[in-house]
Amino acid sequence: MLLPVKWLKEYVNIDVDTKKLADELTLSGSHVESIISLDRGIERVVVGRIEKIEKHENADKLLVVMVDVGDETIQVVTGADNFKVGDYVPVALVGAKLPKDLYIERTDFRGVESNGMLCSLAELGYEDSVIPKNQRDGIFILDKDYPLGTPIDEVLGLNGEIIELEITPNRPDCLSIIGMAREAAATFDKKLELPEVAVKDEVDDIKDYVEAVEVDEELCNRYYTRVIKDIKIKESPLWLQLRLMEAGMRPINNIVDITNYVMLELGQPLHAFDLDKLNNKRILVRRAKDGEKITTIDGQERALNNSNLLITDGESPIGIAGVMGGMDSEVTEETTTVLLESANFNGKSIRSTSKQLNLRTEASIRFEKGLDPNLCKIAAERACQLIEEINAGRVVKGCIDIYKNIKEEKTIKLRPERVNKLLGTKLSVEDMVDYLERLDLKTKVTERYLEVKIPTYRLDLNIEVDLIEEIGRIHGFHNIAAQPLVGVLTRGEKPYSSIIADKVGAILQGFGLNEVITYSFISPKSYDKIKIEADSHLRNYIKLMNPLGEDYSVMRTTLISNMLDLLSRNYNYGVKECYLYEIGNVFIPKELPLEQLPREEKVLVLGMYGQIDFYYLKEVVTALFEKLGIKDFEYVKEESNPTFHPNRTANILIKGNSIGVLGEIHMDVVENYDIDTRVYIAQLNFDALVEETNLDRKYKPLPKYPAILRDIAVVVDSDVMVGELEKVILENGEGLIENIELFDVYEGKQIESGKKSVAFSLTYRSSEKTLKDEEVNKVHERIIEELERRLDAKLRS
């Protein structure tokens, strides 16, 4: 926000330089970003009057102008033609200095001498964004007679400063000159002098011009209207134009300029409709219909939906509430009667509409932060007063005010001892009352409390600590001596899930895997690349409303695509072996379209390629489970997962419940990621792992008795899982099998087609005695018999 210091001082008498003002405002809580000087270094540019205009005898596009500058009349050659005899204009004399290091010299234009230059606003240093459109391409015409020869910087007020401020979202009341004047008055302990608002001469009756006003009470808190007749549309007085330009706004015409002036002064947006252009003499504030369209005053046609709030005349839209007016009801040179709108709209609705339409305006910026509905009447009456003062129209008597839920001042109880305890000060009750009263917070002292009445424009003050902060900032936080911290120290501790995550990371890093972190947003095409079926629950993903791009437009429901992206990138960079893992969240919507926050599940994914096979990945997962103390897990063959190879994939079960999958990625999926080698991935529900983890360890003494080793090699069907064989072996080992180690799986020559050879090394040991060969042989033979009976396994000779 731009704060012209001269404008500020109209409401509070501060006799300090701008640097001091900015410093003190900063110390009291306002964020000053910079100080902008209005002094553009202009020299020898004065007010002149056009006395005579002739065409240049040797140039069709040039004019020769005689200009009276007070003590002399000079000849100037110019290419502009937007002036007439009698106009008062800025004249740069010979030797004048203009912005951008431009100096004026006596010049010969095709045989005609020019002794100066007529100046435009751009040549006087004004930004193009604030120059009135009708003044942009020609000489700046002053609005009235000024003493000839007066330096132009005195006329234009180019001798002050502007403070640039960043207004925090919780202080919408400071998005105005008077709002900042309140802050300055409190900071310097000065009286705030507000303008007296009164309309002196009213005519007719508003009921003759507007029949009714109806509003959507959910999205429109208040709608206040007045009517002005006999409008004379013209340029605003120079003082009004300069005020707007200094505050960063472009003057348009007298009526629009006054609405913008009041918005800057009070913080309340206003809008003027051409009443004669309305189809009906009534106002209906309603939600738009889906697909309804309106052409706004910037000439753009905009499609709306049911969440947008519209101003209509009962039939057609005439404005998007709180954002921008419609072109069909715009104030133009032909306007003679206007309806002045001063309303209070729902901030969330305005922000949503503004964001949806990608249309942020000075009005929407203020509405979306929240405004005081009691400001509507004050702003409308102030605009009517200014219209009357500049003789731009006649104010019609009466108003229409739709305001059912009246906002009242609230009272907050403040404990003085609490103030000093939180701030670390020793302020007296009198000091506290003084600081609060400076901020227009009326305070009553009682036996136990300070009862503080909160003005309705202070939307940020809701609880006791808010008032304590106000006292602190006006007292000056820099004036509070540093105090030692007081409190009870407690020992911090990681959540159990984070401890398990660290342990999982340490185990996997011990196997040579590197941790990675990927984005939670992926492309919807990723599901096609990993061949997820059309009706799979994994395709019930959440779409982002404003994604960075198509590649980051949905929230992931699996980490497999992220892992394949990384493995593909490394493979195509020439990395020969790659071993990665990630613990990340997936996002499962409870319903679509989304009505509530999705369920977040933590997932562990392992990915690798190189000199490895399916069994290496299985060994890593098995070792992980064992080190986490997880028991009762098994691997069950999986043939229907389209992402994985049908014969090299297994579901992982713990206590009969599926918690993940591991296997070799399907060759078609691998091709989709431009990888020309076998890739192995495991994805597990990390939350389930945490629940099943048991880190308790019991002491087990070293065995007293020797072990007996036996190898066994059996031929089984190719689709028989190793886990099934191990299960049969353990079930028939009579508690004597200490360890089973798979050391060979073979398919090929000497093995029948459709079969495979699986070899184990079995360790037999008893904790009670030394086993004899006869005892082990008996158990070993029973195992072989059961393998044959249950799995049709044949002992390999």
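Quick note: structure is the one above.
The rules behind each value
- Residues numbered from 1 in each chain as written.
- Predicted model: local features only at pLDDT ≥ 70, side-chain atom pairs only at ≥ 80, totals over all residues.
- Heavy atoms only, no water.
- Helix = DSSP H or I, 4+ residues; strand = E, 2+ residues; numbered from the N terminus.
- Rg over C-alpha atoms; globule rule 2.2 N^0.38 Å.
- Buried < 20%, exposed > 50% of the residue type's maximum accessible area, 1.4 Å probe, protein only.
- Contact = heavy atoms within 4.5 Å.
- Areas by Shrake-Rupley, 256 points an atom, 1.4 Å probe, with all protein chains shown as cover.
- Axes fitted to C-alpha atoms, helices over the stretch in contact; angles between N-to-C directions.
- Parallel < 35°, antiparallel > 145°, perpendicular 65-115°, else oblique.
- Left-handed = near helix turned anticlockwise from the far one by under 90°.
- Nonpolar A, V, L, I, M, F, W, Y, C, P; charged D, E, K, R; others polar.
- 1 Å grid on protein atoms, 1.4 Å probe; cavity = no way out; pocket = protein on both sides within 12 Å on 5 of 7 lines; lining within 4 Å.
- Points joined across faces, edges and corners; volume = space filled by probe spheres on them.
- Pairing = 2+ DSSP bridges.
- Expected span 1.5 Å × (residues − 1).
- Salt bridge = Lys/Arg side-chain N within 4 Å of Asp/Glu carboxyl O.
- Patch = residues over 30% accessible without salt bridge, like charges linked within 9 Å, V, L, I, M, F, W, Y side chains within 5 Å.

(A) Inspection of the overall build of the protein at higher detail. A tally of regular secondary structure across the protein gives 20 helices and 41 strands. Radius of gyration (C-alpha) of the protein: 41 Å, far over the 28 Å computed for a compact globule of 797 residues. Along the three orthogonal principal directions, the C-alpha set of the protein runs to about 130 × 85 × 60 Å. By the burial criterion, 50% of the 797 residues in the protein qualify as buried. Long-range contacts, defined here as pairs at least 24 residues apart, represent 71% of the contacts in the protein between residues at least 6 apart. Summing over all exposed atoms, the protein offers an accessible surface of approximately 41,000 Å²; the carbon and sulfur share of this is 46%.

(B) Main features of the packing of helix 6 (residues 254-266) against helix 9 (residues 375-389). One way to put it is that helix 6 packs onto helix 9 with a least axis distance of 9 Å and a crossing angle of 135°. Judged on the interaxial angle alone, helix 9 and helix 6 are oblique. Here helix 6 and helix 9 pass one another in a crossing that is right-handed. Contacts from I255, I258, Y261, V262, E265 and L266 in helix 6 reach L375, I378, A379, R382, A383, L386 and I387 in helix 9. Residues of the contact of helix 6 with helix 9, tallied by class, amount to 11 nonpolar, no polar and 2 charged.

(C) How the structure looks around empty space enclosed by the protein. One pass over the full model with this rule turns up 2 cavities of 30 Å³ or more. Taken together, V215, E217, C220, N221, R222, I402, Y403, K404 and N405 form the lining of the largest cavity. The dominant element in the lining of the largest cavity, judged by the number of residues it contributes, is strand 14 (residues 220-229), at 3 residues. Tallied by class, the residues present in the lining of the largest cavity amount to 4 nonpolar, 2 polar and 3 charged. Each pocket or cavity is described by its volume, and for the second largest cavity that value is around 50 Å³. In terms of lining residues, the second largest cavity is bounded by R171, D173, R182, E183, L439, Y457 and R458. Grouping the amino acids of the lining of the second largest cavity by side-chain chemistry returns 2 nonpolar, no polar and 5 charged.

(D) Inspection of the sheet that holds strand 27 (residues 450-454) at higher detail. Reading across the sheet, the 3 strands line up as 25-27-26 and stay open at both edges, with antiparallel pairing between neighbours. Here the strands that pair on one side only, and so sit at the sheet edges, are strand 25 (410-414) and strand 26 (442-445). Recorded for the sheet is a direction-independent mean angle of 25° between the axes of neighbouring strands. The sheet strands contacting helix 12 (residues 464-475) are strand 25 and strand 27, and the helix crosses strand 25 at an angle near 75°.

(E) Structural view of helix 4 (residues 177-188). Compared with the 16 Å implied by 1.5 Å per residue over 12 residues, the 16 Å span of helix 4 between its first and last C-alpha is a close match. Turning to helix 4, its buried residues are I177, I178, G179, M180, A181, E183, A184, A185, A186, T187 and F188. Downstream of helix 4 by a residue or two, D189 has a phi angle that is positive, lying close to 55°.

(F) Quick peek at the sheet that holds strand 28 (residues 514-515). Taken together, 7 strands build an open sheet; the order of strands is 28-32-33-37-36-35-34 and the sheet is mixed. Of all strands in the sheet, those bounded by a partner on one side alone are strand 28 and strand 34 (633-637). Where strand 32 (residues 578-588) lies against strand 33 (residues 599-609), 11 bridges are found, and the strand directions are antiparallel. The residue bridging N585 from the neighbouring strand is K602, located in strand 33.

(G) Spatial organisation of the pattern of salt bridges. Per the stated rule, a full pass over the model turns up 56 salt bridges. A salt bridge links R286 to E292; the shortest N-O distance between them is 2.8 Å. In this structure, R286 and E292 share a single accessibility class: buried. Here R438 and D434 are joined by a salt bridge, their closest N and O atoms 3.4 Å apart. Separated by 4 residues within a single helix, R438 and D434 lie in helix 11 (residues 429-438), roughly one turn from each other. Exposure remark for R438: the relative accessible area of 22% places this residue in the partly exposed category. Among the residues examined, D434 registers a relative accessible area of 30% and is labelled partly exposed.

(H) Region of the structure containing the environment of N672. Along the chain, the position of N672 falls in helix 17 (residues 667-672). The spatial distance from the C-alpha of N672 to the C-alpha of K529 is 5.9 Å, given a sequence separation of 143 residues. Beyond its immediate chain neighbours, meaning those up to four positions away, N672 contacts D528 and K529.

(I) Spatial organisation of the environment of V516. Within the secondary structure, V516 sits in the loop between strand 28 and strand 29 (521-522). Setting aside residues up to four positions removed in sequence, V516 forms contacts with M563, L566, L580, Y581 and E582.

(J) How the structure looks around a nonpolar patch on the surface. A cluster of nonpolar side chains, namely Y519, F521, L548 and Y552, defines an oily patch on the protein surface of about 480 Å² accessible area. Judged by its relative accessible area of 32%, F521 is partly exposed.

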